[in-house]
Amino acid sequence: MSAPESFSFKVGTRLDDRHGRSGVISTPHGDIATPAFIPVGTKATVKAVLPEAMKELGAQALLANAYHLYLQPGPDIVDEAGGLSKFMNWPGPTFTDSGGFQVMSLGVGFKKVLAMESVGVQNDDVIAKGKERLAHVDEDGVTFRSHLDGSKHRFTPEVSMGIQHQLGADIMFAFDELTTLMNTRGYQEESLERTRRWAQRCLDEHERLTEARSHRPYQALFGVIQGAQYEDLRRKACRDLEALRGAAGTEFDGYGIGGALEKHNLGTIVGWCCDELPEQKPRHMLGISEPEDVFVAVENGADTFDCVNPSRVARNAAIYVDAGRFNINTSRFRRDFTPIDEDCDCYTCQHYTRAYLHHLFKAKEILAATLCTIHNERFTVRLVDRIRGSIERGEFDEYKTEFLGQWKGRIKAPGL
């Protein structure tokens, strides 16, 4: 049994002596030109923004969260609606993550970020200060309590596959255990092997469900690579997942590079993985969107990536421009009647001023989140579009130097 022709990946232009490339992922709901940023619509919505607006600002695909949609409204309801795309009135491709990320978050209570800093201490029982452990991992799966009402639930590889098949996304991810950088080397090894066993179970269940649900469009399954900051574990995970086959011969259709990592090692870790992964299959980097990280990930071989940051920070008045990120709710913008960015083509920049956005945040108006999210998502999508164009023109290094030469990260305000 092989992946139907409705899903495929074609490599386009390659960077010299590096894993970076452009390409096209074809899915039943349309094509994705890569590299591509995939905005996150956790609960079948990018918070504060219409799906139609996401299409207008250039998003090619959206990612939703299996854990959250399992709790609300339930995967059976999404399935009855005709799948995620129809349920949320989104015409393009969709991704769903497996719920593995929530296992880590519920289990240890840390911020929902993958790029961490190790603090020199290792403890397999670590938990964030003031947090309660809501998830417990065993060999068969994970038992957890809902963050909504405390009710008890159970995820296994088979349950995750069942939920994601009902959600109907074009690209799904195998159920994995996400460790933290504070876990010991011994636990990282145990967890990696557990994730490999779970990946095999995901493949087997994916085969069964694909056959049972042949009336639905084919859904691609990506394996998830863990291994934290250890080169040998990352490489082993890639080789192990590439070698796995279902009973009928099913392979993973692509791979997700996940797991906690130190930000300064991002490029190195992506490079290790892409050394080992088959070139003819797409690679998704889970959980990044900051411009400097995007350039590093693309250069080292990531084809797609997702992150909640552009929308999350927008709801807190943080705005992206080419020079960096600043807060629009500070007093200097009270009488600034210029757009966020004169060169931006998003709906917000074409119709509204900094002074108006400043007012909306001060007045605690919901529209503030909508307009700023539109801008931040467009900024990120447009940046990656430009990176893709630079690869295809043979000008990636020049564009990287030009952009990062002006990017300052967090700034007080443009021009300061």
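Residue positions are counted from 1 within each chain, in the order its sequence is given. Reporting of local features is limited, given that this is a predicted model, to residues whose pLDDT is at least 70; pairs of side-chain atoms are given and counted only at 80 or more, and all residues count toward the totals for whole chains, interfaces and linings. The side-chain numbers reported here are obtained from all heavy atoms of the structure, hydrogens and water having been left aside.

Caption draft 1: Main features of the side chain of Glu207. In this description a helix means any DSSP run of H or I spanning at least four residues, a strand means any run of E spanning at least two, and both kinds are numbered starting from the N terminus. Along the chain, Glu207 falls in helix α7 (residues 185-212). Only protein chains enter the accessibility calculation, which uses a 1.4 Å probe; a residue whose area is less than 20% of its type maximum is buried, one above 50% is exposed, and one in between is partly exposed. Only four residue types enter the tally: Lys and Arg on the positive side, Asp and Glu on the negative side, with His and both chain ends excluded. Salt bridges are defined by distance alone: a side-chain nitrogen of Lys or Arg within 4 Å of a carboxyl oxygen of Asp or Glu. Buried Glu207, no salt bridge; nearest opposite-charge side chain is Arg245, N-O distance 8.8 Å. The term polar contact refers here to a pair of N or O atoms within 3.5 Å; inside protein, the definition further demands a hydrogen-donor-capable atom paired with an acceptor-capable atom, and it admits residues adjacent in sequence only when both atoms are side-chain atoms. There is a polar contact of 2.7 Å between the side chain of Glu207 and the side chain of Thr250.

Caption draft 2: How the structure looks around the packing of helix α10 (residues 291-299) against helix α14 (residues 367-393). Following both chains from N to C, one finds α10 and α14 inclined at 35°, their axes separated by 11 Å at the closest point. As for the relative orientation of α10 and α14, their crossing is right-handed in sense. On α14, the residues that touch Pro291, Val294, Phe295 and Val298 of α10 are Phe379, Leu383, Val384, Ile387 and Ile391. Here, axes are lines fitted to C-alpha atoms. For helices the fit covers the stretch in contact, and angles between N-to-C directions go from 0 to 180 degrees. Left-handed describes a crossing whose near helix is turned anticlockwise from the far helix through less than a right angle; right-handed describes the clockwise counterpart. Residues are treated as being in contact if the distance between any of their heavy atoms lies within 4.5 Å.

Caption draft 3: Region of interest: the packing of aromatic side chains. Pairs were defined over the aromatic rings of Phe, Tyr and Trp, the Trp ring being its six-membered one, requiring ring centres within 6.5 Å. Orientation was assigned from the angle between planes: stacked under 30 degrees, edge-to-face over 60, tilted for the rest. Applying the stated criterion to the full structure yields 19 aromatic pairs. When the centroid spacing of 6.1 Å and the interplanar angle of 45° are considered together, the rings of Phe295 and Phe396 count as tilted. With Phe295 in helix α10 and Phe396 in helix α15 (residues 396-406), this residue pair connects regions lying 101 residues apart in the sequence. Here Phe295 falls in the buried class, since its relative accessible area comes to 0%. Residue Phe396 is classed as buried on the basis of its relative accessible area of 2%.

Caption draft 4: Just unusual backbone geometry, in detail. Following Thr34, the chain continues into Pro35 via a peptide bond in cis, with omega recorded as 0°. Mapped onto the secondary structure, Pro35 falls in the loop between β3 (30-34) and β4 (36-39). For the peptide bond that leads from Gln72 to Pro73, omega is 0°, which places it in the cis range. Tracing the sequence through the fold places Pro73 in the loop between α2 (66-71) and α3 (75-80). With a phi close to 60°, Asp17 is a non-glycine residue in the positive phi region. Mapping Asp17 onto the fold places it in the loop between β1 (8-14) and β2 (21-27). Even without a glycine there, the phi angle at Ala44 is positive, about 70°. Following the sequence through the fold, Ala44 ends up in the loop between β4 and α1 (51-56).

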